[in-house]
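This is what each chain is made of:
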Amino acid sequence: MKKYLYLLVLLCSACARPMSSENHQTTITKLIDDETYFIAAADTLNWAKCWVQTEEAQFTMASARGCWQLNGWDSIRTNFRGARPFKLDLKRDNYHYTIGENVAYVSFDQYDNWGGSGSYRKKESRTLRKVDDQWKIVQTNVIVTSSYDKPKALSYHSPKENLPVDEKTSFRTKGGLGGMYAGFVEVPAGTDFSTLFAGLPHDMCTSPHWGYLFEGSMKLRYADGREEIVNQGEVFYWPAPHTGVVLKNAKFIDFSPENEHRQVMNHIGNKMAQQQEKK
């Protein structure tokens, strides 16, 4: 009888032991993988369950072109509310974990095709906190290391009207030009770009542009509330973030950093697809 009691005490002791560090690593790794695949599938309901949904939540992304940050769960949720599903090709390695009783930190290297196009290398990290004894993400940091690569490109020239048409947006645009995109845009008076930028940080374009306005006029607005008018025959620089309204039928050519431009074009393409679905 004593032997059985002894075995029962050992069993209960084993059950009462805290989760091992290895088990915590497995749980945390699954959580951050699930969170990424959920948002790639536009499953925002399950994606949100992976996060600490308070003002301490934070998302930061940095690349060779700059850095932007979302502070607070409401800001993060709003930015990703327009997510569209795509087939994610994801690989992660070189994990490093620091795990405490209620707070954990993990860093890793990531390789993906975010947005369904392109190929990116990143250094990423997650800070996590326990909520009701469950690990939740409280902070995400992303550095797009591939954006720092020196681009390799051949020379290129073409009439502006012959630039390739992007299938998602119908805009004439050409990438692979030494890390830059060139675009030729024709838009009628009354066009308000804000509806296409909705869901991006500040609901504005997150890519800077350099260019020349051949015809028409446009009103630009920036995140600080500043506004300006760009008129026919003017060279312009539009820093990010910004949005604009076409005052008179406009034709312009612009040049944009490749990574930022591709992300904005993917977002606009998804918005246009949503609008078509509603018709």
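Every value quoted in this text rests on a predicted model; they were computed, and no experiment measured them.

A. Spotlight on the overall build of the protein. When you go through the protein residue by residue, the secondary structure sums to six helices and 12 strands. For the protein, the C-alpha radius of gyration of 24 Å lies well beyond 19 Å, the compact-globule estimate for 279 residues. For the protein, the C-alpha atoms occupy an extent of roughly 95 × 40 × 35 Å along the three principal directions. A fraction of 58% describes how many contacts in the protein between residues 6 or more apart in sequence connect residues 24 or more apart. About 15800 Å² of surface is accessible on the protein, with carbon and sulfur atoms providing 53% of the total. The positive charge centre, built from 34 side chains, and the negative charge centre, built from 32, are 4 Å apart in the protein.

B. Layout of the confidence of the model for the protein. Per-residue confidence for the protein gives a mean pLDDT of 89; residues scoring 70 or more make up 92%. For the protein, the element scoring lowest by mean pLDDT is helix 1 (residues 2–16), at 46; strand 11 (residues 235–238) scores highest, at 98. Within the model, the stretch residues 3–17 combines pLDDT values under 50 with zero contacts to residues more than four positions away or in other chains.

What counts as what
Residues numbered from 1 in each chain as written. Predicted model: local features only at pLDDT ≥ 70, side-chain atom pairs only at ≥ 80, totals over all residues. Heavy atoms only, no water. Helix = DSSP H or I, 4+ residues; strand = E, 2+ residues; numbered from the N terminus. Rg over C-alpha atoms; globule rule 2.2 N^0.38 Å. Contact = heavy atoms within 4.5 Å. Areas by Shrake-Rupley, 256 points an atom, 1.4 Å probe, with all protein chains shown as cover. Lys, Arg positive; Asp, Glu negative; His and termini not counted. Charge placed at Lys NZ, Arg CZ, Asp CG, Glu CD. pLDDT = per-residue confidence, 0-100.

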